[in-house]
Amino acid sequence: MLSVAAAGLRARWASLLGGFLALALGVGLLVTTGLGLSATFRAPDRAPERFASSPVVVQGQDRLTLPVRRGPGTATASRPLDRPQPVDSELLRELRARWTVTTSGGPDAVGVDAPAAGVRALVGDRAQVLTGADRRRADPGHTADAEALTGLNALLGTSGGVAVFVSVFVVASTFAFAVALRRREFGLLRAAGATPGQIRRLLLTEAAAVGTLASATGCVLGSLGAPLLARTLVDQGLAPAWFRAGDAAWPYHLAFWTGLAVALTGAAAASHRAGRTGPTAALREADVDAGALPPGRALLGAGLLLTGAGLLLHTYATDPSALLKRKTYTTLPMLLIGGTALLAPLLVRPLTRLLPAGGAVGTLVRENSRAAVRRTAAVAAPVLVAVALAGTLFGSAASVTRARGAEAREATAASWVATGERLRPVAAPPGTVVSASGATTLFVRDGAEAVVRYGARAVDDPAAFAELARLPVAAGDLRDLDDRSIVVHEEFERRRVGESVDVWTADGRGPVRLRVAAVLARGTGGNGPYVTRANAPGSAVDRIEAGGGEEAAATDALAASGGQVATVAARTAADHPPGNPQARAGLALVLGIAVVYTLIALVNTLLMATSVRGGELSSLRLAGATRAQTVRVVAGEALFAVAIGTVLGLGVTALCLGTLGAGLAALSAPAALALPWAAVGAVAVTCAAAAVAAAALPAWRLTR
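Residues numbered from 1 in each chain as written. Predicted model: local features only at pLDDT ≥ 70, side-chain atom pairs only at ≥ 80, totals over all residues. Heavy atoms only, no water.

Participant: I keep staring at the packing of helix α11 (residues 344-352) against helix α19 (residues 627-666) and nothing clicks. Help me out?
Facilitator: How two helices sit against one another is set out by the angle between their axes and by the gap between those axes. With their axes 11 Å apart at the nearest point, α11 and α19 run at an angle of 110° to one another. When the axis of α11 is compared with that of α19, the two are roughly perpendicular. The element α11 and its partner α19 pack so that their crossing is right-handed. Together, Ala344, Leu347, Leu351 and Thr352 of α11 and Phe640, Ile644 and Leu648 of α19 make up the contact between the two elements. (Axes fitted to C-alpha atoms, helices over the stretch in contact; angles between N-to-C directions. Helix = DSSP H or I, 4+ residues; strand = E, 2+ residues; numbered from the N terminus. Parallel < 35°, antiparallel > 145°, perpendicular 65-115°, else oblique. Left-handed = near helix turned anticlockwise from the far one by under 90°. Contact = heavy atoms within 4.5 Å.)

Structure, rendered in C-alpha cells:
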C-alpha cells in the first residue's frame with residue numbers, strides 16, 4: 001500500500017500541490033498568530049520610569065476589590081481605578097519622618113529610599129508597597145500597555161480562528177474534488193481486486209504524507225512570518241511600538257498537529273466515499289454528476305446553516321447588543337458560510353436557469369455547468385467564503401460605526417461644541433444654553449457574582465444638560481437628575497425609576513447609594529450612565545455644548561474654554577469616521593487570509609478540472625468549434641461559477657446585515673446599514689480574474 005501511495009504521489013503531485021500550499025499556509029498562519037498571541041499574555045518587563053531611583057514605591061490603592069459569590073463560596077473581583085487613591089497624608093508624614101521620600105507626578109505614589117521590609121511593616125494595609133519590577137505599576141503607561149495587549153489578543157485570536165476555518169474548508173474541498181476526479185482510477189483498482197478498505201487506506205496514507213510535509217513547511221514559514229507580522233501590526237498602529245513576536249514552543253506543536261489533523265479529517269470523508277466506488281466505475285465515461293450531494297454532506301450543511309441562523313436569531317432576541325461586537329459578527333457568519341457552501345450543489349442547477357443561452361457558447365456554458373454540478377460548486381464555494389467574509393466583516397463594522405455616529409448626532413440639540421482634555425468654565429451668553437460634562441467611571445455590582453465597570457459622563461449643570469439632551473429616554477425624566485440620583489440605561493440590573501443603585505466612584509469610594517432618575521434605551525453603547533460632578537471625583541471637563549442664542553456669541557463663549565470649537569455635526573463625523581484606519585487594517589488582515597485561501601482553492605480546482613477535460617474539448621473541436629470558442633466556453637463556465645459564489649455570498653451578507661439592522665432597531669439606535677460594495681467588488685473581480693486564468697490557460701494548451 002505504501003508503494004502504491006508513493007507512486008500515486010509522484011504521478012499526481014500537481015493535483016495535490018494546491019492542498020499542500022493551502023495546508024502549509026494555514027499552519028504557517030497558525031504559528032505566526034500563535035507566536036503573536038504568546039507575546040500578548042503579558043507586557044514585556046520594562047524598567048520603572050517614574051521612580052527609577054527609588055528602591056521602594058508606596059502607592060495608594062489603584063484597584064477596586066469587592067467580594068463576590070462563586071458557587072457556594074465567595075471570592076474577590078478586582079477592577080482598575082481610573083483615579084487611584086492618594087497616599088494617606090498621615091502615612092506620608094510617618095514615611096518622611098523616618099526615610100527620604102520622593103514625589104513625582106502626583107499624590108497617588110511616592111518613592112521611598114528604605115529597606116522594603118521596614119516600609120511594609122510601617123505601611124501595613126494602608127497602601128501598596130512595590131519593589132523591583134512591580135514599581136512599573138506606578139508609571140502612567142502601565143495600564144495602557146495592558147489595554148493595548150487586550151485588543152491585540154482579540155485581533156490575533158480572530159485571525160487564527162479564520163485561518164483554521166478557511167484552511168479546513170479548502171483542504172476538505174480539495175480532497176473531495178480530487179477524489180471525484182479519480183472515480184475511474186478507483187474503479188480500475190476495484191476491478192483489479194482492491195477492497196474498499198484498501199482504497200480508504202490509500203487516500204489516508206496520501207493525506208498523512210502531504211499533511212506531514214505541509215505542516216513541517218508551515219512551521220518554518222510561521223517562524224519567518226512572525227517578526228514580519230509584529231512589524232506590520234506596529235506600523236499599522238494595531239500594536240504598541242515595543243511589541244515583538246514571542247518565542248514560545250506551544251504554537252509550533254499546536255499548528256503542526258492541527259495541520260495534520262485537518263489533512264486527515266479532510267481526507268476521511270472523501271476516502272469513505274471513494275471506498276464505495278464499484279468496479280463498473282472504470283467503464284463510466286459520462287461527465288454528468290449524479291448524487292453530487294451525499295446524504296452526510298447534506299445533513300452537515302443543513303445542520304451548520306440551521307445552527308448559524310438559530311444562533312443569529314437567538315442573539316437578536318435575547319441580547320441584540322451582542323450583534324454589534326466584533327466577536328459576534330466575525331464568528332457567527334462562519335456557520336452560515338460553511339452551511340451554504342456545503343449545500344451549494346443543490347443550488348447550482350436552479351441558478352443555471354438564470355443564465356441566458358445566447359448563441360452556441362452561452363448554451364454550452366449553461367448546459368456544462370448544469371451537468372458538472374460538482375465542478376461548478378467546487379469553484380463557487382471558496383468564492384462564497386471570500387465574498388461573504390468581505391460583506392459581513394466590513395459591512396457590520398461600517399454599519400455599527402455609522403449607527404454610532406447617527407446616534408451621537410441625535411443625542412443633543414446643541415449646535416456647537418468645544419472639546420479638549422481640561423476645558424475652562426465658560427459663561428452662557430444671553431439666550432444660549434451651555435452644558436459641560438466630563439468622562440468618569442462607575443462600578444456597579446451585577447447581581448452577587450460580578451462587578452461591572454461603566455464609562456459614564458459627569459454633568460456640571462443638570463438643568464442645562466436636560467434642556468440640550470435628546471437621549472432615548474425609556475422611563476423617568478432627565479430633569480430629575482441631581483447629586484443623589486443617576487441616569488442609567490437598560491443594561492443595569494436595577495433600572496426602575498425610583499429604585500436605588502449602589503455605585504463605587506472612579507477613585508473607589510463607595511458604595512454610594514443613588515436613586516434612578518431616568519432609564520435610557522441601550523443604543524449602541526454610548527447612552528450613559530450620567531451622574532453629577534459630586535459623584536465623579538477627579539473628572540475634568542472635556543466637552544462643552546452650546547445651543548440656542550446667536551451663533552457668534554456661542555462660538556466666542558466656547559472659544560474661551562481653550563478647546564477646539566466645531567459644529568456638533570463636524571465633531572461627530574470626526575469622532576466616528578467611516579473608515580477608521582486601524583479598524584480597517586485589522587479587518588483587512590482577517591479578510592486577506594480568506595482571499596489568499598480562495599485564490600489557492602480556485603486555481604487548484606480549475607487546474608485539476610480542466611486538465612482532465614482533454615477528450616471533451618477535443619470533441620468540441622471535432623464538432624466544429626474553433627479553438628477560441630472552446631476556450632471561451634471553459635472561461636465562461638469559470639465565470640459563471642464565480643458569479644454563483646458571489647450571489648450566495650451576498651445572500652449570507654444580506655441575512656447577517658439584516659439581523660444587525662433589526663438588532664439596532666431593538667436597541668432604539670439608528671439602523672444605518674452599509675454594504676461595502678468596494679470590498680465585495682474587489683474580492684469578486686480578483687476571484688473572477690484568477691478563475692478565468694486558471695481555466696483558460698490549460699484549456700488553450702489542451703486544444704493545440
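What follows picks up the thread again.
Participant: Explain the nonpolar core here, please?
Facilitator: Buried together is how nonpolar side chains tend to be arranged in soluble globular proteins. Val166, Ile337, Leu389 and Val683 are the most contacted members of the largest nonpolar core, which has 86 residues in total. Sorting elements by how many residues they give to this core places helix α13 (residues 373-410) first, with 18 residues. What Val166 contacts, discounting residues up to four positions off in sequence, is Val385, Leu389, Ala594 and Tyr597. (Core = buried A, V, L, I, M, F, W, Y, C linked by side-chain atoms within 4.5 Å. Buried < 20%, exposed > 50% of the residue type's maximum accessible area, 1.4 Å probe, protein only.)

Participant: Teacher, can you tell me more about the pattern of salt bridges here?
Facilitator: Close approach of charged atoms lets side chains of opposite charge pair. Under the counting rule described, the total for this entry stands at 12 salt bridges. We note a salt bridge from Asp108 to Arg50, for which the minimum N-O separation is 2.9 Å. One end of the pair, Asp108, is in the loop between β4 (100-103) and β5 (109-113); the other, Arg50, is in the loop between α2 (13-38) and β1 (56-59), and 58 residues separate them in sequence. Residue Glu90 is joined to Arg93 by a salt bridge in which the shortest nitrogen-to-oxygen separation is 2.4 Å. Linking Glu90 with Arg93, this pair stays in helix α3 (residues 89-98), spanning three residues, or about one helical turn. Here Glu90 falls in the partly exposed class, since its relative accessible area comes to 35%. (Salt bridge = Lys/Arg side-chain N within 4 Å of Asp/Glu carboxyl O.)

Participant: Explain the sheet that holds β5 to me, please; I cannot follow it from the model alone.
Facilitator: Backbone hydrogen bonds are what pair the strands of a sheet, in a parallel or an antiparallel way. The sheet built from four strands is open, its strands ordered β4-β5-β1-β6 with antiparallel pairing. Each edge of the sheet is formed by a strand with only one pairing partner; in this case those strands are β4 and β6 (128-131). Each strand axis lies, on average, 30° off the axis of its neighbour in the sheet, ignoring direction. Pairing of β1 with β5 involves four bridges; the strand directions are antiparallel. Bridge pairing in β5 places Val56 opposite Val112. Contacts between α3 and the sheet are confined to β1, β4 and β5, with β4 contributing the most and set at about 130° to the helix. (Pairing = 2+ DSSP bridges.)

Participant: What is the right way to read the confidence of the model for the protein from this model?
Facilitator: In this model, the protein carries a mean pLDDT of 81, and residues with pLDDT of at least 70 account for 89%. The least confident element of the protein is helix α1 (residues 2-11), whose mean pLDDT is 58; the most confident is strand β14 (residues 530-532), at 93. (pLDDT = per-residue confidence, 0-100.)

Participant: Please explain unusual backbone geometry as it appears in this structure.
Facilitator: It is generally the case that most residues other than glycine have a negative phi and that most peptide bonds are trans. Phi at Ser668 takes a positive value of approximately 60°, unusual for a residue other than glycine. Position of Ser668 relative to the elements: it lies in the loop between α19 and α20 (677-702).

Participant: Can you help me understand the side chain of Thr315 in this one?
Facilitator: Note on placement: Thr315 falls in helix α9 (residues 295-318). Residues in contact with Thr315, not counting those within four places in the same chain, are Pro320, Ala322, Leu323 and Leu332.

Participant: What should I look at first to understand the packing of α11 against helix α12 (residues 359-371) in this one?
Facilitator: Where α11 contacts α12, the two axes come as close as 9 Å, and the packing angle between them is 155°. Judged on the interaxial angle alone, α12 and α11 are roughly antiparallel. Handedness of the α11/α12 crossing: left-handed. Contact residues: Val348, Arg349 and Thr352 in α11; Arg366, Ser369, Arg370 and Ala371 in α12. Taken together, the residues of the contact of α11 with α12 break down into two nonpolar, two polar and three charged. (Nonpolar A, V, L, I, M, F, W, Y, C, P; charged D, E, K, R; others polar.)

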